[in-house]
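Notes for the structure review
The primary structure of each chain is shown beneath.
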Amino acid sequence: MDTLVQDLRYAIRHLRKSPGFTFTAVFCLMLSMGGTTAIFSVVNGVLLRPLPFTNPNELVAVFESNPARGIDRFSASPPNFFDWREQNHVFSGMSAFVPNPVAMTGRGEPMRLKAVTATPDLFPVLGVSPMLGRTFAPEEGERGRDHVAVLSHALWQQRFGEDRKVIGQTIQLDSENYEIVGVMPGDFQFPISGADLWIPLSFGANVATQRGAHYLGVVARRKSDVTLAQANAELKRIHAGLAAAYPDKNKGWTAFADDYRGVLVGNVRPALLILLGSVVLVLLIACANLANLLLARSGAREREIAIRTAVGAAPWRLIRQLLTESLLLSSLGALAGLLLAYWAVAAILAHGPQDIPRIHSVHIDTRVLAFTGVVAIITGVIFGLMPALRGSRPDLTRSLKSGLQTVGDPGGKWLRSSLIACELAISLALLTGAGLLLRSFANLLSVDPGFSPSKLLTFNLNLPEAGYPDGDRTAAFSQALLERLKSLPGVHKVGLSSIQPFSGDDFSSSFDVKGVPAAPPGEEQSAQLRVVSRDYFSTMQIPVLRGRPFQDADHRGSPQVLLLSRSAERKFFPNGDALGKEMSFGARMGYDKLRGEVIGIVGDVHDFGLDLEPPPDAYLLADQSGISLFSVMIRTDGDPASLASAVQDQVHAIDKGLPVTNVSTMETVLVESLAERRFYMLLLAMFAITALLLAAVGVYGVMSFLVGRRTQEIGIRLALGGKHGQLMAMVLRQAAVIVSLGLGIGIVIALATSRVLAGLLFGVKPTDPLIFGVVVLMLGMVAMLAVYLPARRVLEVDPMVSLRYE
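Scoring rules and cut-offs
Here the residue index of a chain counts from 1 through its sequence in written order. In view of the model being predicted, local features appear only for residues whose pLDDT reaches at least 70, and side-chain atom pairs are presented and counted only at 80 or more, with totals across whole chains, interfaces and linings using the full set of residues. Note that water and hydrogens are dropped before the side-chain values are worked out from all heavy atoms of the structure. To qualify as a helix, a DSSP run of H or I must reach at least 4 residues; to qualify as a strand, a run of E must reach at least 2; elements of each kind are numbered from the N terminus. Exposure is judged per residue with a 1.4 Å probe applied to protein chains only, and the accessible area is read against the type maximum: over 50% gives exposed, under 20% gives buried, and values in between give partly exposed. Whether two residues are in contact is decided by their heavy atoms, any of which lying within 4.5 Å being enough. Residue exposure ignores everything except the shown protein chains as possible cover, and the areas themselves are Shrake-Rupley values with a 1.4 Å probe. Here the nonpolar core consists of buried residues drawn from Ala, Val, Leu, Ile, Met, Phe, Trp, Tyr and Cys, with membership extended through side-chain atoms lying within 4.5 Å. The distinction between a cavity and a pocket rests on a 1 Å grid over the protein atoms alone: a 1.4 Å probe fits inside a cavity but cannot get out, while a pocket stays open yet meets protein on both sides within 12 Å along at least five of seven lines, and a residue with an atom within 4 Å of a point counts as lining. Grid points are joined across faces, edges and corners, and a volume is the space filled by probe spheres set on the points. Charged means Asp, Glu, Lys or Arg here, nonpolar means Ala, Val, Leu, Ile, Met, Phe, Trp, Tyr, Cys or Pro, and polar covers whatever is left, Gly included. A pairing counts as a salt bridge when a side-chain nitrogen of Lys or Arg comes within 4 Å of a carboxyl oxygen of Asp or Glu. All axes here are fitted lines through C-alpha atoms, helices being fitted over the stretch that makes contact, and every angle between N-to-C directions spans 0 to 180 degrees. Should the near helix be turned anticlockwise from the far one by less than a right angle, the crossing is left-handed, and should it be turned clockwise, the crossing is right-handed. Being paired, for any two strands, means DSSP has found at least two bridges between them. An expected span of 1.5 Å times one less than the residue number is assigned to each helix. By definition, the arc is the one covered by directions from the helix axis to the C-beta atoms. Confidence of the predictor at the level of single residues is captured by pLDDT, which takes values from 0 to 100. Each aromatic pair joins two rings of Phe, Tyr and Trp (for Trp, the six-membered one) with centres within 6.5 Å, and gets the label stacked for planes under 30 degrees apart, edge-to-face for over 60, and tilted for any other angle. In this analysis the charged atom, NZ for Lys or CZ for Arg, is taken to sit over a ring once it is within 6 Å of the ring centre and within 35 degrees of the ring normal. In this analysis, a patch consists of residues with relative accessible area above 30% that form no salt bridge, clustered at 9 Å for like charges and at 5 Å for the nonpolar side chains Val, Leu, Ile, Met, Phe, Trp and Tyr. Any angle from 65 to 115 degrees is called roughly perpendicular, while one under 35 is roughly parallel, one over 145 is roughly antiparallel, and all others are oblique.

1. Concerning the overall build of the protein
Regarding its fold elements, the protein presents 25 helices and 22 strands. A buried classification covers 52% of the 806 residues belonging to the protein. Looking at the protein alone, contacts between residues at least 24 apart form 82% of all its contacts between residues at least 6 apart. As displayed, the protein has an accessible area near 35,600 Å², and 59% of this comes from carbon and sulfur atoms.

Written out as structure tokens, the structure reads:
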């Protein structure tokens, strides 16, 4: 311990004598270790931290699939769910759920809540208990006894002021009374982030006929001695029997289970792991950078170490001293990096995409602190070991004699050159990845969404069944709302739609075409159903390509009509003969059949995102079909956001109990649909720029030191008649060899690693030659500039001063 304290004190004194070197080292480590800690915090919270359920590894999500139709995973139908639950021998419990927004009234301003309707056994299957009260009783899954609610912790805090006497109170959801029976803990989120409350899922008497209505999410708990493979074998056995018993709806379909955590975070896992790998590469650049600086700096300490060796210091003693210095540097960098990571995590939570699963569980905990500590130790050893090994065995004869100072032996020069090449290679790989994502994002922004989002305001409404029990009531409300909104100053057009573009809502239905034989069971085609108002297409500026749009003559009681998107016509009527065909859509979630004659073809809309192909859409007229959950689109002459308050006033003038939600411009909705891609692109770009700066600083620092150590040599060359241009060319030529080697290795690494980004790219190949060319040119210029600046500074020194150097 005495010698350790002695080494530590000496290291502190030595670092204090070199404030520039110490600051550069700590700053580089702060950037790299802070970024590593921040991204690991996200990976830890989203991917690694256990789910807040009992034995979460036993939880699985259950899906239906139809390989012949290319459907990998699909929601379940109620009758199939009941059969799975009753016939299986591998699950200790199975529950179904459906996200379902509701309007809460009677407690201040109307509020639209993210409700989840679930079978009463949901909470026992998950293995969670309420913070207050109780969860659902088995009998509360029956119609008439299902008007109870369990609140989320956030809703309890925000709307009920953390009142512990809330149990037993009544709230109004969609104009119906519900009794509050429980409050969940703060860390409970299921199945969506930000769920406000849970209510029992009950089924009507006709549920047995809904075997083709796929809308249930299913979660199950495997028995402790059952593997995932055994669970899947059981599900396939059960569903094979259902396909034989009900071929009209189940033929071609099967069922399977997947790990629930994997399902929850599966979409973001690759991107987060890519970011973690990228920031680790930045850390490696920092290690190489500092190792190179320490190697170059060891030349200045060569005589000091030689003297200590001459008076009896053992090599292991010198190695320990030098490692103590590097570990001290890495510890300082880790502490500074933690402060940076706290800020970075807070920024990610505040400004990052909120739809990343479990993003709100991200924070710096003991696991993250332990990770940072281990990284600090490994980093200190990595960038300190090579200089320590080389510096602990000096050439006493060369080091102790006076005269010309050198910068080390040829082996040391080779090692420094290799480290510079590695820095440039890793930087090129990161810059190439960032460039690919940047071009991909630019390609997305250039995609035509199918409508004009400028000067368009949108908001959502949900008409409760209790207040609007039939189509006449909903039609009357819609008509009154349209007339009021059209009368607002600056409003040009108003349209309604059952589903807002980019909302992610999926409402597909199979269909039959009159006069065309029905498809065999399991091979039915389906289209996305959209119920819209008469002026929806002119409001959104969606072009009518053929036929006609909805007109005033199309109303409730007149022959039913519909419009198809261009994608729907190409897919279902490849001969272009869709006009005049009569289509009948199947029931879904208990809705009556919807039908109509195709009267027109309209342009495609990227309903599910700019990076996805437009789905086949079928548009039904709201006056003929009825609509209770819809988005309102308002095209204005000026700033649409300025109408937000007036729009809410007009809605409440008709029904003051209706909550107006998601008031936003359509341009904002479009931007938010790209939030996750923009988040990954910006982070990778930040890491790439950091890597570029670290590499440039490393090249500049090492070359500045090495060229500076050649000041006397350069002075002699100048005194003997050497030209500045010749000497500059000599230095640049030697550096160009190292830079070219690094860029060559970097191209090979980038070609190998860029394929990992393939799933995040849009409209650009992982081997895009333009991106590679620009990155190589830019990095090469930066590296040569980092060599040129210190070389020019030394060459401008007077030869007489150069000869007196050292």
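2. Details of the nonpolar core
Residues Val-46, Leu-272 and Phe-537 are the most contacted members of the largest nonpolar core, which totals 125 residues. Residue contacts for Val-46: discarding those within four places in its chain leaves Val-265, Val-268, Leu-272, Ile-356, Pro-357, Arg-358, Ile-359 and Val-362.

3. Some details on empty space enclosed by the protein
For the coordinates displayed, the defined rule picks out 6 cavities of 30 Å³ or more. If you go around the second largest cavity, the residues you meet are Leu-437, Ser-440, Phe-441, Arg-677, Tyr-680, Met-681 and Leu-760. Among the residues making up the lining of the second largest cavity, the classes are represented as 5 nonpolar, 1 polar and 1 charged.

4. Remarks on the pattern of salt bridges
One pass over the structure, following the stated rule, counts 19 salt bridges. Taking the shortest distance from any N to any O, the salt bridge between Glu-58 and Arg-221 comes out at 3.2 Å. Within this pair, whereas Glu-58 is found in the loop between helix H2 (19-48) and strand S1 (59-66), its partner Arg-221 is found in strand S10 (residues 217-222), the two being separated by 163 residues in sequence. For the pair formed by Glu-58 and Arg-221, the shared burial category is buried. Between Glu-142 and Arg-145 there is a salt bridge, with its nearest N and O atoms 3.8 Å apart.

5. Overview of the packing of helix H15 (residues 471-486) against helix H19 (residues 644-654)
To characterise two packed helices, one gives the angle between the axes of the helices and the distance between these axes. Remark: H15 packs on H19, axes separated minimally by 10 Å, with the N-to-C direction vectors making an angle of 145°. Two packed elements cross with a definite hand, and for H15 against H19 that hand is right-handed. In contact with Phe-477, Ala-480, Leu-481, Arg-484 and Leu-485 of H15, H19 contributes Val-647, Gln-650, Val-651, Ala-653 and Ile-654. Residue classes in the contact of H15 with H19 are distributed as 8 nonpolar, 1 polar and 1 charged.

6. Observations concerning the pairing of S10
Most of S10 sits out of view: 6 of its 6 residues are buried. Across the two faces of S10 the burial is the same, with Gly-217, Val-219 and Arg-221 and Val-218, Ala-220 and Arg-222 all buried. Where S1 and S10 come together, 4 bridges link them in antiparallel fashion. Bridged to Val-62 within S10 is Val-218. In this sheet, S10 lies alongside strand S3 (residues 91-105) in antiparallel orientation, the contact comprising 6 bridges. Bridge pairing in S10 links Ser-95 to Val-219.

7. Describing the pairing of strand S9 (residues 197-200)
What you see with S9 is no split at all: Leu-197 and Ile-199 on one side and Trp-198 and Pro-200 on the other are buried throughout. Examined bridge by bridge, strand S4 (residues 111-118) and S9 share 4 bridges and lie parallel to one another. Bridging from a neighbouring strand, Ala-118 pairs with Pro-200 of S9. Where strand S6 (residues 148-151) meets S9, 2 bridges bridge the pair, whose relative direction is antiparallel. Following the sheet pairing, Val-150 is matched in S9 by Trp-198.

8. Concerning the environment of His-555
Looking at the secondary structure, you find His-555 in the loop between strand S16 (544-547) and strand S17 (561-565). Note: C-alpha distance between His-555 and Arg-534 (21 residues apart in sequence) is 9.3 Å. For His-555, the residues in contact, after removing those within four places along its chain, are Arg-534, Leu-621, Asp-623 and Gln-624.

9. Considerations on helix H1 (residues 2-17)
Taking 1.5 Å per residue as the helical rise, H1 with its 16 residues ought to reach 22 Å, and the 23 Å between its terminal C-alpha atoms agrees with that figure. When H1 is considered as a whole, its buried residues turn out to be Asp-7, Ala-11, His-14 and Leu-15. Looking straight down H1, one finds its buried side chains confined to an arc of 95°; they lie on one side. Relative to its buried face, H1 has exposed residues pointing more than 90 degrees away, namely Asp-2, Arg-9, Arg-16 and Lys-17.

10. Concerning the confidence of the model for the protein
Mean pLDDT over the protein stands at 84; residues scoring 70 or higher make up 90%. Of the regions scoring below 50 in pLDDT, residues 402-411 engages in 15 contacts with residues more than four places distant in sequence or in other chains.

11. A short note on the packing of aromatic side chains
Tallied over the entire structure, the rule returns 23 aromatic pairs. A centroid spacing of 5.9 Å and a plane angle of 15° characterise the contact between Phe-23 and Phe-27, whose relative ring orientation is stacked. Separated by 4 residues within a single helix, Phe-23 and Phe-27 lie in helix H2, roughly one turn from each other. On the accessibility criterion, Phe-23 (58% relative accessible area) is exposed. A network of ring pairs unites the aromatic residues Phe-53, Phe-97, Phe-123, Phe-136, Phe-188, Phe-190, Trp-198 and Tyr-260 as a single cluster. A cation sits over an aromatic face here: Arg-73 above Phe-63, 4.7 Å from the ring centre. The ring of Tyr-246 carries the charged tip of Arg-211 above its face, separated from the ring centre by 3.7 Å.

12. Describing helix H6 (residues 228-245)
In a regular helix each residue adds 1.5 Å, so 18 residues correspond to 26 Å; H6 covers 26 Å between its end C-alpha atoms and thus fits that length. Turning to H6, its buried residues are Ala-231, Asn-232, Glu-234, Leu-235, Ile-238, His-239, Leu-242 and Ala-243. Where H6 is buried, its residues meet S1, helix H3 (78-87), S3, S10, helix H7 (247-250) and strand S11 (254-259).

13. As for a nonpolar patch on the surface
Taken together, Val-374, Ile-378 and Ile-382 make up a surface patch of nonpolar side chains, about 240 Å² in accessible area. Tracing the sequence through the fold places Ile-378 in helix H12 (residues 366-391).

14. Some thoughts on the environment of Leu-795
Relative to the elements of secondary structure, Leu-795 occurs in helix H24 (residues 769-795). By relative accessible area, which is 4% here, Leu-795 ends up buried. Separated by 72 residues in sequence, Leu-795 and Lys-723 place their C-alpha atoms 9.7 Å apart. Setting aside chain neighbours within four positions, we find Leu-795 in contact with Ile-714, Leu-718, His-724, Leu-727 and Met-728.

15. Remarks on the packing of H3 against H6
At a minimum axis separation of 10 Å, H3 and H6 run at an interaxial angle of 125°. Classified by the angle their axes make, H3 and H6 are oblique. For the pair H3 and H6, the sense of crossing is right-handed. Residues Asn-80, Asp-83, Trp-84 and Gln-87 of H3 form the contact with H6, whose participating residues are Glu-234, Leu-235, Arg-237, Ile-238, His-239 and Leu-242. Classifying every residue of the contact of H3 with H6 by side-chain character gives 4 nonpolar, 3 polar and 3 charged.

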